[in-house]
Amino acid sequence: MKLADAIKILDTYAPPELAYFEKQNGLLTGNMKNEINRIGICLDFTNNLLSSAVEKRCDLLIYHNSLNYENEPSRLFKQRLDFAKKNGISVFQMHLNLDFCKNGIIDNLCKLMGFQGSPVKLFYQGKEITGGVYVAECEMPFDDLVNRAKRINPKIVSACGKKKDVYRKIAITSGNGCKPEFIEQMNIDAFIAGQIGHEAMRLAEQVEITLISATNYST
């Protein structure tokens, strides 16, 4: 198929407008008329994975993680794109839109952990976003909550904040999506995420909720 046809499929599955405030997303290099016969899919856009894409003769490389999605591309990042272009590889990033879309990463995290989660509307950096956090209603003790997080096979599960006897409202997100701004906008008992920042930890103690980290890569 042509690159334009492949992108149409990807954009239908994970609409690019769900990337919201990202500085870089979607097609980063490539000609829409290029013929696509082999597609590589990876988590991080690194030199090693880019070299592997060249070795495997990929025409299109789709990757997820964005190290600085709120900032302009770095010099090293631009060098990787130049290397891909010279080797005839189109590069397509699906980050927040793949996290937030229906049947996307957060939606599937809920399913894997056994939660009936639904996306909630929240405000971040002056924008209303939907899908960055899912919330599930249930009734379970702390040990069951931790065991749910273990279903995605993280190397380690850690908890902080206020431990409760019963958890009835659980927020779920991926990666570094446990933002203090989100905690302030939700009336929840626990927040499961990939990683927990210092400010979120302190806020959790203040509002007496539990934060659970299931690692960035597992989420």
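Notes on the structure follow. Note that the coordinates shown come from a computational prediction; the quantities given were computed from them, not determined experimentally.

Strands sit in the order β5-β6-β8-β9-β10-β7 across an open sheet of six strands; the sheet is mixed. Here the strands that pair on one side only, and so sit at the sheet edges, are β5 (118-124) and β7 (158-161). In this sheet, adjacent strand axes meet at a mean angle of 30° when their direction is disregarded. Note that strand β9 (residues 190-193) and strand β10 (residues 210-213) share four bridges and pair parallel. In the sheet register, A193 faces β10, and the bridge partner there is S213. Strands in contact with helix α5 (residues 105-113) are β6 (127-140), β8 (167-172) and β9; relative to β6, the strand with the most contacts, it is inclined by about 5°.

In terms of nonpolar packing, the biggest core is built from 56 residues, with F115, L145, M186, F191 and L211 touching the most fellow members. Looking at this core element by element, the count peaks at six residues for β6. Not counting residues up to four positions away in its chain, the partners in contact with M186 are V120, L122, V133, V135, A171 and F191. F45, L61, L81 and A84 belong to the second largest nonpolar core, which has 12 residues in total.

As a further point, take unusual backbone geometry. Of note, R57 is a non-glycine position whose phi angle comes to about 60°, a positive value. Of note in the backbone geometry, N153 takes a positive phi value of approximately 60° without being a glycine. Here N153 lies in the loop between α6 (142-150) and β7. On the basis of relative accessible area, N153 is assigned to the exposed category, the value being 63%.

So, about the sheet that holds strand β3 (residues 60-63). If you walk across this open sheet you meet the four strands as β1-β4-β3-β2, and the pairing is mixed. Both outer strands of the open sheet, β1 (26-29) and β2 (39-42), are each paired with one neighbouring strand and no more. Averaged over all adjacent pairs, the angle separating strand axes in this sheet is 25°, with direction ignored. By the bridge criterion, three bridges tie β1 to strand β4 (residues 90-93) in an arrangement that is antiparallel. When the bridges of β4 are listed, L27 appears paired with F92. Of the strands in this sheet, β1, β3 and β4 touch helix α3 (residues 75-86), which is tilted by about 80° from β1.

What follows deals with the pairing of β3. Neither face of β3 is exposed, since L60 and I62 on one face and L61 and Y63 on the opposite face are all buried. Two elements, β2 and β3, share four bridges in a ladder whose sense is parallel. Each residue of the ladder has a partner; that of I39, found in β3, is L60. Since β2 and β3 lie parallel, the crossover through helix α2 (residues 47-55) that links them has a hand, and here it is right-handed. Pairing of β3 with β4, which is carried by four bridges, proceeds in the parallel orientation. When the sheet's bridge partners are listed, L61 is paired in β4 with V91.

What follows deals with the pattern of salt bridges. One pass over the full model with this rule turns up four salt bridges. Between E205 and R202 there is a salt bridge, with its nearest N and O atoms 3.3 Å apart. With a gap of three residues between them, E205 and R202 both fall in helix α8 (residues 198-207), about one helical turn apart. With a relative accessible area of 44%, E205 lands in the partly exposed category. Take R202: its relative accessible area is 42%, and that puts it in the partly exposed class.

The rules behind the values
Residues numbered from 1 in each chain as written. Predicted model: local features only at pLDDT ≥ 70, side-chain atom pairs only at ≥ 80, totals over all residues. Heavy atoms only, no water. Pairing = 2+ DSSP bridges. Helix = DSSP H or I, 4+ residues; strand = E, 2+ residues; numbered from the N terminus. Axes fitted to C-alpha atoms, helices over the stretch in contact; angles between N-to-C directions. Contact = heavy atoms within 4.5 Å. Core = buried A, V, L, I, M, F, W, Y, C linked by side-chain atoms within 4.5 Å. Buried < 20%, exposed > 50% of the residue type's maximum accessible area, 1.4 Å probe, protein only. Right-handed = clockwise from strand over helix to strand, strands pointing away. Salt bridge = Lys/Arg side-chain N within 4 Å of Asp/Glu carboxyl O.

By themselves, these figures tell us nothing about what the structure is for.
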